[in-house]
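Observations on the model geometry
Each chain, letter by letter, is given below.
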Amino acid sequence: LGKMKPVIVVHGGAGRIFKEREEGCRAGVVRAALRGYSVLKQGGSAVDAVEEAVRSMEDDPHFNAGCGSVLNEKGEVEMDAIIMDGKNLDSGAVSAVKCIANPIKLARLVMEKTKHMLLTDHGAHLFAQAMGIPEIPGEKLITERSRERWKKNLEPDSNPEEFQKDLGTVGAVAIDSEGNVACATSTGGLSNKLIGRVGDTACIGSGGYADNHSGATSTTGHGESIMKVVLARLILYHMEQGMSPEVAADTALDYMKTRVGGLGGVIVVNKAGEWAARFSTKQMSWATVKDDNLHYGIYAGEKHIKSVDEALASEREGF
């Protein structure tokens, strides 16, 4: 069997990216894509690669996942994450978890160490303890920016919906040299959300889906809208009908917009290693590596291309 050429695609969330945050978001998705790609180049699995890429963005305060997550109505961080293996449709997810640095690691453990697919809140917390995942103080995950925004949203005349425009959910999809696909998605959710609100991210078929028979996708955007149309699975359905990743993504995003008025973004890779990064919002930070070339952008129609070697060199110089 001919070896597949590995591909990784990552997103750092769809929405509105403020000017002063653009560089950080670009650098963050590029770093994540390069890290995931290096896992694939060393013969690592697609699951390893997407976990590594997402972990990198969870640790980056520019994104609404892990450190830098938005705050719920009570001013706390509650995070959701999912990971899925396209080989056998195994998946693991966690929702409403607090006080851990990398929810995606916990989701992977749910997939590999339990018979379940989704653990929530207190149960997820007990499982994390049992797995020896270090607990960190909740404040460690809170950035000045998240707290500012939370306060703003508490003002009587504020409209949190207005602030939902930069929903920095993070995600990754990959295909490895064996032809296995995987997806991973992680988020802090909606700013000032009700306690216990779970969005699309933790829900299989909405926040992500991976199946070797068609491909893998990870989504970002308005969670409730994504759940209504089961966006990730819908895209794969379109690809099963013969659409290219790009057309499938656009068709599904268009349906979500016309049917429920929801905006979002998606990254896709199909079983042939073709990829797409598409969005109906103003912006979405994304990056992909294929054939040792890095592509990345934030605005519609924007696409920079660098060789991986060049990108790694500027990484080391601190961008």
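Remember, predicted model here, so these are calculated numbers, not experimental data.

**Focus on the state of the cysteines**
- Inspection of the entire model under this criterion finds zero disulfides.
- In this model Cys 25 remains outside any disulfide bridge; the closest cysteine sulfur is found in Cys 67, 14 Å from its own.
- By relative accessible area, Cys 25 is classed as buried at 5%.
- The thiol sulfur of Cys 99 is not disulfide-bonded, and the nearest other cysteine sulfur, from Cys 67, lies at 13 Å.

**Re the layout of surface pockets**
- Considered as a void within the structure, the second largest pocket measures approximately 280 Å³ in volume.
- Glu 246, Ala 277, Arg 278, Trp 286 and Gly 301 are the residues nearest the centre of the second largest pocket, which is lined by 13 residues in total.
- Counting only elements with at least two residues in the lining of the second largest pocket, the list comes to α9 (245–260) and β11 (275–279).
- Taken together, the residues of the lining of the second largest pocket break down into seven nonpolar, one polar and five charged.

**Focus: empty space enclosed by the protein**
- This model, assessed by the stated rule, comprises two cavities of 30 Å³ or more.
- In this structure, the second largest cavity spans a volume of roughly 70 Å³.
- Taken together, 12 residues form the lining of the second largest cavity, with Thr 169, Gly 189, Arg 197, Asp 200 and Gly 221 sitting closest to its centre.
- Residue classes in the lining of the second largest cavity are distributed as two nonpolar, seven polar and three charged.

**Side note on the UniProt feature "active site" (unreviewed entry) in the protein**
- Per the UniProt record, "active site" (unreviewed entry) is annotated on Thr 169.
- Within the secondary structure, Thr 169 sits in the loop between β5 (166–167) and β6 (170–175).
- Overall, the relative accessible area of 6% leaves Thr 169 in the buried class.
- Beyond its immediate sequence surroundings of up to four residues, Thr 169 is in contact with His 11, Gly 12, Gly 13, Asn 64, Thr 185, Ser 186, Thr 187, Thr 201, Thr 219 and Thr 220.

**Some thoughts on α9**
- Here α9 contains 16 residues, and its C-alpha end-to-end distance of 22 Å stays within 8% of the 22 Å for a straight helix at 1.5 Å per residue.
- Buried-residue contacts for α9 involve α7 (223–229), α8 (231–240), β10 (264–270) and β11.
- Of the residues one or two after α9, Gly 261 is the one with positive phi, at around 70°.

**Some thoughts on the side chain of Arg 21**
- For Arg 21, the location among the structural elements is in helix α1 (residues 19–41).
- Given a relative accessible area of 13%, Arg 21 falls into the buried group.
- Residues in contact with Arg 21, not counting those within four places in the same chain, are Pro 61, His 62 and Arg 145.

**With respect to the nonpolar core**
- Counting residues in hydrophobic clusters, the biggest one holds 55 residues, and the most contacted among them are Ile 8, Val 10, Ile 83, Leu 106, Ala 287, Val 289 and Leu 294.
- Ignoring any residue separated from it by four or fewer positions in sequence, one finds Ile 83 in contact with Val 47, Val 50, Glu 51, Asp 90, Ser 91, Gly 92, Ile 104, Ala 107, Arg 108, Met 111, Cys 183 and Ala 184.
- Counting residues in each nonpolar core, the second largest holds 33 residues, with Ile 175, Ala 216, Ala 252 and Met 284 among its members.

**Focus on α8**
- Buried residues dominate α8, accounting for seven of its 10 residues.
- Buried within α8 we find Leu 231, Ala 232, Leu 234, Ile 235, Leu 236, His 238 and Met 239.
- Along its buried surface, α8 packs onto β8 (208–211), β9 (215–221), α7, α9 and β10.

**Quick look at the pattern of salt bridges**
- One pass over the structure, following the stated rule, counts 20 salt bridges.
- Across the salt bridge formed by Arg 31 and Asp 60, the nearest N and O atoms sit 3.5 Å from each other. Residue Arg 31 is located in helix α1, and its partner Asp 60 is located in the loop between α2 (46–58) and β2 (79–85); the two are separated by 29 residues in the primary sequence.
- Take Arg 31: its relative accessible area is 26%, and that puts it in the partly exposed class.
- Judged by its relative accessible area of 7%, Asp 60 is buried.
- Glu 246 serves as the salt-bridge partner of Arg 278, at 3.8 Å between the closest nitrogen and oxygen.

**Some words on the side chain of Asn 212**
- Structurally, Asn 212 can be placed in the loop between β8 and β9.
- By relative accessible area, Asn 212 is classed as buried at 18%.
- Separated by 3.5 Å, the side chain of Asn 212 and the backbone nitrogen of Lys 87 make a polar contact.

Definitions and limits used
Residues numbered from 1 in each chain as written. Predicted model: local features only at pLDDT ≥ 70, side-chain atom pairs only at ≥ 80, totals over all residues. Heavy atoms only, no water. Disulfide = S-S within 2.5 Å. Buried < 20%, exposed > 50% of the residue type's maximum accessible area, 1.4 Å probe, protein only. 1 Å grid on protein atoms, 1.4 Å probe; cavity = no way out; pocket = protein on both sides within 12 Å on 5 of 7 lines; lining within 4 Å. Points joined across faces, edges and corners; volume = space filled by probe spheres on them. Helix = DSSP H or I, 4+ residues; strand = E, 2+ residues; numbered from the N terminus. Nonpolar A, V, L, I, M, F, W, Y, C, P; charged D, E, K, R; others polar. UniProt positions renumbered as here; feature names shortened; annotations may be inferred. Contact = heavy atoms within 4.5 Å. Expected span 1.5 Å × (residues − 1). Core = buried A, V, L, I, M, F, W, Y, C linked by side-chain atoms within 4.5 Å. Salt bridge = Lys/Arg side-chain N within 4 Å of Asp/Glu carboxyl O. Polar contact = N/O pair within 3.5 Å; in protein donor to acceptor, adjacent residues only side chain to side chain.

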